[in-house]
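Survey of secondary and tertiary structure
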Amino acid sequence: NSMEMLRQFKSLKKHPAVLTKYITQKVSPALLQSLFNRSPIEADDLALVLQSLRTAASDEAEPLTGDRVGEYLQQLLRTHTADTQFSMLSTSEKEMVRNLASLAPNGDDLKKT
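Everything numeric in this text was worked out from a predicted model, so none of it was measured.

What to know about unusual backbone geometry
- One non-glycine residue, threonine 81, lies in positive phi territory at about 55°.
- Looking at where threonine 81 falls in the secondary structure, it is placed in the loop between α5 (66–77) and α6 (82–87).
- A relative accessible area of 34% means that threonine 81 is categorised as partly exposed.

Remarks on the packing of helix α2 (residues 16–26) against helix α4 (residues 43–57)
- Relative to each other, α2 and α4 sit at 90°, their axes nearing to 9 Å. What the angle tells us is that α2 and α4 run roughly perpendicular. Along the contact surface, α2 presents Leu19, Thr20, Ile23 and Thr24, while α4 presents Leu48, Val49, Ser52, Thr55 and Ala56.
- Of the residues in the contact of α2 with α4, the class split is 5 nonpolar, 4 polar and no charged.

Comments concerning the pattern of salt bridges
- Following the criterion strictly, the structure yields 4 salt bridges and no others.
- Here glutamate 95 makes a salt bridge to arginine 98, at a shortest N to O gap of 3.1 Å. With glutamate 95 and arginine 98 both in helix α7 (residues 91–103), this residue pair falls 3 residues apart, about one helical turn.

So, the layout of surface pockets
- Put simply, the largest pocket is a space of about 280 Å³.
- As for the largest pocket, its lining consists of Ala17, Thr20, Lys21, Thr24, Gln25, Thr55, Ala56, Asp59, Glu62, Pro63 and Leu64.
- Going through the elements one at a time, α2 and α4 are the ones with two or more residues in the lining of the largest pocket.
- Ranked by the residues each element gives to the lining of the largest pocket, the list is headed by α2, at 5 residues.
- Looking at the lining of the largest pocket, its residues break down into 4 nonpolar, 4 polar and 3 charged.

Focus: α7
- With 13 residues, α7 should reach 18 Å at 1.5 Å per residue; the first-to-last C-alpha distance of 19 Å fits that figure.
- Listing the buried residues of α7 in full gives Met96, Val97, Leu100 and Ala101. End-on view of α7: buried residues confined to an arc of 140°, all on one side of the axis. Opposite its buried face, α7 presents the exposed residues Thr91 and Ser92, each directed more than 90 degrees away.

Basis of the calculations
Residues numbered from 1 in each chain as written. Predicted model: local features only at pLDDT ≥ 70, side-chain atom pairs only at ≥ 80, totals over all residues. Heavy atoms only, no water. Helix = DSSP H or I, 4+ residues; strand = E, 2+ residues; numbered from the N terminus. Buried < 20%, exposed > 50% of the residue type's maximum accessible area, 1.4 Å probe, protein only. Axes fitted to C-alpha atoms, helices over the stretch in contact; angles between N-to-C directions. Parallel < 35°, antiparallel > 145°, perpendicular 65-115°, else oblique. Contact = heavy atoms within 4.5 Å. Nonpolar A, V, L, I, M, F, W, Y, C, P; charged D, E, K, R; others polar. Salt bridge = Lys/Arg side-chain N within 4 Å of Asp/Glu carboxyl O. 1 Å grid on protein atoms, 1.4 Å probe; cavity = no way out; pocket = protein on both sides within 12 Å on 5 of 7 lines; lining within 4 Å. Points joined across faces, edges and corners; volume = space filled by probe spheres on them. Expected span 1.5 Å × (residues − 1). Arc of directions from axis to C-beta.

All quantities given are derived from atomic positions and should not be read as evidence of function.
Structure (C-alpha cells):
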C-alpha cells in the first residue's frame, strides 16, 4: 500500500543510495502508478522519487536506462493529481524532471506535460 511504501521512503531518506536501490529494484513504474492511482503522491515524496531516479540514471556502475527512466516518468504522470504535484515542485526539482525527461526516448513528449 502507498502508506507503507512512503514510510519506507522516509526511513531511507537519510540513506540515498539504499533508497535509490529500493525504488529501482523493488518498485516498478507500474506499481508506483497503481499505488498513487487514488491518492496523490505529495510533492516532497515525488521529489524524493525523482532524486532517486536521477541518482540511478547517473550510477557509473549500473545506470538506469533512458527507457526505464521514461517508464517511471510516464507512470508518475498518470498518478492521481499529477499535474498539481508536479507544479508544486521547486524550480530545481522541475529542472531535474526536464533532465530526466531528456534521457528518455520519448522525452520530448514528457517535457510537454
